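Observations on the model geometry
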Amino acid sequence: MNTKRWIALVIAGVVLVVSLGFQAVWSFLFSDFAGSFEDILAVEAGGFEPVVREQGDLSSQIAVLTVEGVIQDTGSSSSFIGSEGYRHQDFLRQIEAVKEDPTIKGVVLRVNSPGGGVVESAELHQEIVELTEEKPVYVSMGATAASGGYYISAPAQKIFASKETMTGSLGVIMQSINVSELADRFGVEMITVASGPYKDMLNPTKEVSEEERAILSSMVENSYNAFVEVIQNGREMSEEKVRTLADGRIYDGIQAKENGLIDEFGYLDDVIEAMKVDEDLEGAQVVEYRTTSSIGSLFSAQVGSLFGSGFSEVGMLERILQRSGGPRLMYLYTE
């Protein structure tokens with residue numbers, strides 16, 4: 001590794017330390033003045049704000065909510081080298097705010113996501129189901145709305161996509177890397193002390209046994225059955241048809257419409273106009289809920305621009321710092 005990359009790694013480490021130190025000092029100095037500094041603290045923590053997309057009747061509004069990126073709960077705040085994207089808790093708060101606002105008469109859910117964690121997708125799906133019981137919800141699929149991205153879209157009254165949208169990938173995946181041969185080659189030994197024979201399943205330094213594979217397959221099957229049920233209920237399809245479609249393959253918008261996975265072709269503006277006509281909301285004001293950036297994420301952008309998106313060591317350090325644990329059940333489309 002050359003000198004430039006060593007220097008960059010050192011700088012990244014310093015940035016992390018400064019981030020943690022700043023947040024600790026900030027919390028100490030202003031913990032007793034929460035009311036006075038509420039707005040400032042909100043900026044640091046990140047949050048959301050409704051922005052007018054189209055002027056209209058304030059008493060009859062359409063809210064646009066956006067799911068962008070992998071659906072996973074990484075926390076609502078980030079360090080100075082954290083990445084921006086979908087923030088699970090913030091988005092759940094957006095749904096709650098829209099649900100409680102009597103002036104919001106309809107919701108357009110913009111989905112541009114390859115999916116994500118089984119738990120987060122299920123939680124978000126439940127919130128959307130509850131939202132549809134109170135207000136009409138239409139989905140506007142972006143470039144990708146696959147796996148968990150489709151899972152959360154299924155309850156909507158109508159789903160729109162472009163002909164080029166990548167959707168489908170209906171199913172569950174759990175992945176791990178096996179490096180046992182590599183470890184043997186370099187004389188690396190993983191020493192594991194476990195309370196039971198299955199405690200270290202998917203240990204990357206040993207082969208998966210048939211018994212372990214059966215246990216994990218049962219878990220995948222349970223999550224897959226839940227996915228099938230979600231599509232059955234949301235799209236009013238037979239179980240047989242859903243299982244035929246949900247073999248993990250990806251569909252473009254044309255194929256998705258032919259198979260009944262979406263209702264119409266259209267982009268975001270088309271979906272908004274369709275909701276106005278269908279729900280008698282002509283003249284409604286359209287507001288877009290946008291996630292506000294934290295101070296840390298703004299600094300992160302500067303670090304990214306300094307080293308470039310292709311800087312592998314910084315990216316690797318970021319992934320290590322954000323790692324949420326071992327292999328997980330995922331509703332995720334992976335290329």
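The text that follows walks through the structure, step by step, so that each part is easy to find. One numbering rule holds for all chains: residues counted from 1, following each sequence as written. Per-residue local features are limited, in this predicted model, to residues with pLDDT of at least 70; the limit for side-chain atom pairs, both in listing and counting, is 80 or more; totals at the level of whole chains, interfaces and linings are taken over all residues. In computing side-chain values, all of the structure's heavy atoms are included and hydrogens and water are not.

**Let's talk about the overall build of the protein chain**
For the record, the criterion: Under the DSSP-based scheme used, a helix requires at least four consecutive residues in state H or I and a strand at least two consecutive residues in state E, with every element numbered from the N terminus. Every residue pair with non-hydrogen atoms within 4.5 Å of one another is taken to be in contact. We get accessible surface area from the Shrake-Rupley algorithm with a probe of 1.4 Å; when it comes to residues, only the shown protein chains can shield them.
Counting its regular elements, the protein chain contains 12 helices and 11 strands. Sequence separation of at least 24 residues holds for 79% of the intrachain contacts in the protein chain that already meet a minimum separation of 6. Put simply, the protein chain shows about 17,900 Å² of open surface, and 54% of that area lies on carbon and sulfur atoms.

**Considering the packing of aromatic side chains**
Using the following cut-off: Working definition: a ring pair exists when centres of Phe, Tyr or Trp rings (six-membered ring for Trp) sit within 6.5 Å. Plane angles under 30 degrees give stacked, over 60 give edge-to-face, the rest tilted. Exposure classes here rest on a 1.4 Å probe applied to the protein chains alone. A residue is buried below 20% of its type maximum, exposed above 50%, and partly exposed in between.
The tally for this structure, following the rule as stated, stands at 5 aromatic pairs. Pairing Y86 with F91 gives two aromatic rings, centres 5.9 Å apart and planes at 50 degrees, and the pair type is tilted. A residue is classified by how much of its surface remains accessible, and Y86, at 8% relative accessible area, is buried. In textbook terms, an aromatic cluster arises when at least three aromatic residues are bridged by ring pairs, as seen for Y151, F227 and Y331.

**Describing the pattern of salt bridges**
The criterion, for reference: Here a salt bridge means any side-chain nitrogen of Lys or Arg lying within 4 Å of a carboxyl oxygen belonging to Asp or Glu.
Under the criterion given, the structure shown has 17 salt bridges. Residue R93 is joined to D90 by a salt bridge in which the shortest nitrogen-to-oxygen separation is 2.4 Å. Separated by 3 residues within a single helix, R93 and D90 lie in helix α3 (residues 88-100), roughly one turn from each other. Among the residues examined, R93 registers a relative accessible area of 40% and is labelled partly exposed. The partner of E120 in a salt bridge is R328, and the shortest N-O contact between them spans 2.8 Å. Of the two residues, E120 is situated in helix α4 (residues 118-132) and R328 in the loop between α12 (312-322) and β11 (330-332); the sequence distance between them amounts to 208 residues. Under the relative-accessibility criterion, E120 is labelled buried at 7%. With relative accessibility at 26%, the residue R328 sits in the partly exposed group. Taken together, the shared-partner salt bridges connect R53, D269, E288 and R290 into one network.

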